[in-house]
Amino acid sequence: MVAKLSQVFRGRTVQNLLALYGVQFANYLLPLLTLPYLARVLGPEGFGALAVVQSFAQYLSLLIEYGFNLSATRAVARYRDDKGRLSEILAGVMGAKLLLALVAAGLAFLLSLWVDNLRHDFRLLWCGVFWAVAWGFSPVWFFQGVERLRLVAGLEVATKLAALAFMFMFIHTPTDAWKVLFFQGVTSTFASGAALWLVSREVGLCWPKLSEVGEALKSGWSMFFFRSAVSLYTVGNVFILGLFLPPQQVALYAGAERLTKAVLGMVEPINRLFFPRLSHLVVHAPRDAAQLARRLIVLMGFVGLGGALLVVVLAPLIVHLLLGSGYEGAIPIMRVLAFLLPVVALSNALGIQWMLALGLDRAFNSIILFAGLLNLLLALLLVPGMGFIGMAYVVVAVEMFVTGAMGLYLWRNGKAPWQMEKHT
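Keep in mind that what you see is a predicted model, and the values were worked out from it rather than measured.

Parameters at a glance
Residue positions are given per chain, counting from 1 as you read along its sequence in written order. Where totals are concerned, whole chains, interfaces and linings use all residues; where local detail is concerned, this predicted model gives features only for residues with pLDDT of at least 70, and gives and counts side-chain atom pairs only at 80 or more. In computing side-chain properties, one takes all heavy atoms of the structure into account and sets aside hydrogens as well as water. Comment: elements are numbered from the N terminus, with helices defined as DSSP H or I runs of at least four residues and strands as E runs of at least two. Residue contacts follow a heavy-atom distance rule, with two residues in contact if any of their heavy atoms lie within 4.5 Å. Accessible surface area values rest on a Shrake-Rupley calculation with a 1.4 Å probe, where residue burial reflects the displayed protein chains alone. Side-chain rings of Phe, Tyr and Trp, where Trp is taken by its six-membered ring, are said to pair if the distance between their centres is within 6.5 Å; with planes under 30 degrees apart they count as stacked, over 60 as edge-to-face, and otherwise as tilted. Only Lys NZ and Arg CZ are tested; either one counts as a charge over a ring when it is within 6 Å of the ring centre and within 35 degrees of the ring normal. Salt bridge criterion: a side-chain nitrogen from Lys or Arg within 4 Å of a carboxyl oxygen from Asp or Glu. In this scheme, a helix's expected span is set at 1.5 Å multiplied by one less than its residue total. Think of it in three bands: with a 1.4 Å probe and only protein chains considered, a residue is buried below 20% of the maximum accessible area for its type, exposed above 50%, and partly exposed in between. As used throughout, the charge tally considers Lys and Arg to be positive and Asp and Glu to be negative, leaving His and the chain termini uncounted. In plain words, nonpolar cores are sets of buried Ala, Val, Leu, Ile, Met, Phe, Trp, Tyr and Cys residues tied together by side-chain atoms within 4.5 Å. Note on geometry: axes are lines fitted to C-alpha atoms, helical ones only across the stretch in contact, with angles between N-to-C directions running from 0 to 180 degrees. When the near helix sits turned anticlockwise from the far one by under a right angle, the crossing is termed left-handed; a clockwise turn instead gives a right-handed crossing. Gly is put with the polar residues, along with every residue not named as nonpolar or charged; the nonpolar set is Ala, Val, Leu, Ile, Met, Phe, Trp, Tyr, Cys and Pro, and the charged set is Asp, Glu, Lys and Arg. What pLDDT conveys is the predictor's confidence in a given residue, as a value from 0 to 100. Here roughly perpendicular refers to angles of 65 to 115 degrees, roughly parallel to angles under 35, roughly antiparallel to angles over 145, and oblique to all remaining angles.

**Q** Could you give an account of the overall build of the protein chain, with specific residues and numbers?
**A** The helix and strand tally for the protein chain stands at 19 helices and zero strands. Considering only intrachain contacts with a sequence separation of at least 6, the fraction spanning at least 24 residues in the protein chain is 85%. Accessible area of the protein chain: about 18,000 Å², with a carbon and sulfur share of 70%.

Listed below in structure tokens is the structure:
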């Protein structure tokens, strides 16, 4: 057993894990370097307005990404030795993203006519759209599928560092909030463009056929459905709060959520690294897949629990250092959200790593959809009376439902990793 586990963590696997932690560092920890500065310079009102548009932009980027980070990664992993097929996959995915980007822009325009916190500053809104499109076009899914992530990870880290430097240089007043998303959009455009150039050198980049675009949209639909439902109780909660509360109050929840998710992001590289490997093993070596999945569940559970304990104990210090005066209300929110860490780690291991690798997309999506609707219902009931702390309770309760439902489904159908390992 020890020998098999050691084989998993040797060579390319370790290199890709380090690369993914580099990407995670750029996506989650680097923004923490700007958080103390932006929270103070923009103030609660400006920071809250920025957080609402960022949350909306994440919705748009999810539309453009369309679940390809899972569906296209799985396809590339299966056809990694067929350059002709890889070229078709690339063309189909990028063609689909072009269509989805147009839909995202139209959606932003329509919602800006209705939501006060979006039409408050049109520069901020459209810089958010720019960032969403640039981020959504990243072909990191291709490099995940072929398990070669070092170069593209280095590119993402370098461009995020450049955005960080621009923010410190050019953002000095609350009216500069739009520049945050503008600089992120510029650097994301460079990273996505350079990564696409690398992919095109390897497999070629041609104009997509309608059949390829249709195939990409069809194969990615279940994953998009999943990501959209997940967004109802993850990235979209700040936007939901923005429908009920003024920016100053949204800023407290947004600050606590951002700090907590920086810790939660430490389990995501494990998620992204082992998904293509499990997708391969469930077809060619089911017993090995079950063993690996069981170890990942234990590993991710312990990592999440350790992170939660740190957040609960250190919340006052973290808020004081990273958010500053005027954000003290974020401390109780952060302590409630700390319970997300072990719960989300386990749901990722059971759901993304195992259920999707087994092809249980329908059951997985049913759980996620119900959770998203439950989140909206509970938010409508609790937020008007309890405000931001009510949203924190809602998020934790919904994530606990997701984890419990996944575990129950796998157990009742005899597909839990510990059950399959005994019978394969």
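Next comes the rest of the account.
**Q** Kindly report on the packing of aromatic side chains, identifying the contributing residues and their values.
**A** Enumeration over the complete set of coordinates arrives at 17 aromatic pairs. Seen from their ring centres, Trp131 and Trp135 are 5.2 Å apart, and the 10° between their planes marks the pair as stacked. In this pair, Trp131 and Trp135 both sit in helix α6 (residues 122-136), four residues apart, roughly one turn of the helix. Among the aromatic residues, those joined into a cluster by ring pairs are Phe130, Phe166, Phe170, Trp178, Phe182 and Phe183. Stacked on the ring of Tyr79, the Lys or Arg Arg85 has its end atom at 5.2 Å from the ring centre.

**Q** Residue-level account of the pattern of salt bridges, with values.
**A** With the rule as written, the count across this model stands at five salt bridges. Between Glu88 and Arg85 there is a salt bridge, with its nearest N and O atoms 3.3 Å apart. In this pair, Glu88 and Arg85 are both assigned in helix α4 (residues 83-112), three residues apart and thus about one turn of the helix distant. Connected through salt bridges with shared partners, the residues Arg85, Glu88 and Glu215 form a single ionic network.

**Q** Please give an account of helix α9 (residues 177-203) that cites residues and values.
**A** With 27 residues, α9 extends 40 Å from end C-alpha to end C-alpha; this agrees with the ideal 39 Å at 1.5 Å per step. Directly beyond the C-terminal end of α9, a positive phi value near 90° is found at Gly204.

**Q** Tell me about the side chain of Glu212, and name the residues and values.
**A** Structurally, Glu212 can be placed in helix α10 (residues 210-231). One buried charged residue, Glu212, remains without a salt bridge, the closest side chain of opposite sign being Lys209 at 4.8 Å. If we ignore the near neighbours within four places in the chain, the residues touching Glu212 are Glu88, Ala91 and Gly92.

**Q** Can you break down the nonpolar core residue by residue, with the values?
**A** Taken as a class, soluble globular proteins show a tendency for nonpolar side chains to be buried jointly. Ranked by internal contacts, the top residues of the largest apolar core, which has 103 residues, are Trp141, Tyr253 and Ile333. The element contributing the most residues to this core is helix α2 (residues 12-65), with 18 residues. Ranked by size, the runner-up nonpolar core spans 38 residues in total, among them Phe274, Leu278, Leu356 and Ala416.

**Q** Before we move on, could you go through the packing of helix α16 (residues 340-355) against helix α18 (residues 388-412) and cite the residues and values that matter?
**A** Between α16 and α18, the least distance of the axes is 9 Å, while the angle of their chain directions is 40°. Relative to α18, the crossing made by α16 is left-handed. Contacts from Leu340, Val343, Val344, Leu346, Ser347, Leu350, Gly351, Trp354 and Met355 in α16 reach Val395, Val396, Glu399, Met400, Val402, Thr403, Met406, Gly407, Tyr409 and Leu410 in α18. Here the contact of α16 with α18 is built from residues that sort into 14 nonpolar, four polar and one charged.

**Q** Just give me the short version of helix α15 (residues 330-337), but keep the residues and values in it.
**A** Buried residues dominate α15, accounting for six of its eight residues. Every buried residue of α15 is accounted for by Ala330, Ile331, Ile333, Met334, Val336 and Leu337. Against α12 (247-264), α14 (286-322), α16 and α18 lie the buried residues of α15.

**Q** Would you mind going over the environment of Ala397 in detail, with residue names and values included?
**A** Along the chain, Ala397 turns up in helix α18. In sequence terms Ala397 and Leu340 are 57 residues apart; their C-alpha atoms lie 9.1 Å from each other.

**Q** Residue-level account of the confidence of the model for the protein chain, with values.
**A** Taken over all residues, the pLDDT of the protein chain has a mean of 83, while the share at 70 or more is 89%. The spread of mean pLDDT over the elements of the protein chain runs between helix α1 (residues 2-8), the lowest at 49, and α15, the highest at 94.

**Q** I'd like a rundown of the packing of helix α8 (residues 150-170) against α9, residues and numbers included.
**A** Packing of α8 against α9 leaves a shortest axis separation of 9 Å and a crossing angle of 160°. By the angle between their axes, α8 is roughly antiparallel relative to α9. Here the hand of the crossing between α8 and α9 comes out right-handed. Across the interface between the two elements, Leu151, Val152, Leu155, Thr159, Ala162, Ala163, Phe166, Met167 and Phe170 from α8 touch Lys179, Val180, Phe183, Gln184, Thr187, Phe190, Ala191, Ala194, Ala195 and Leu198 from α9. Among the residues making up the contact of α8 with α9, the classes are represented as 15 nonpolar, three polar and one charged.

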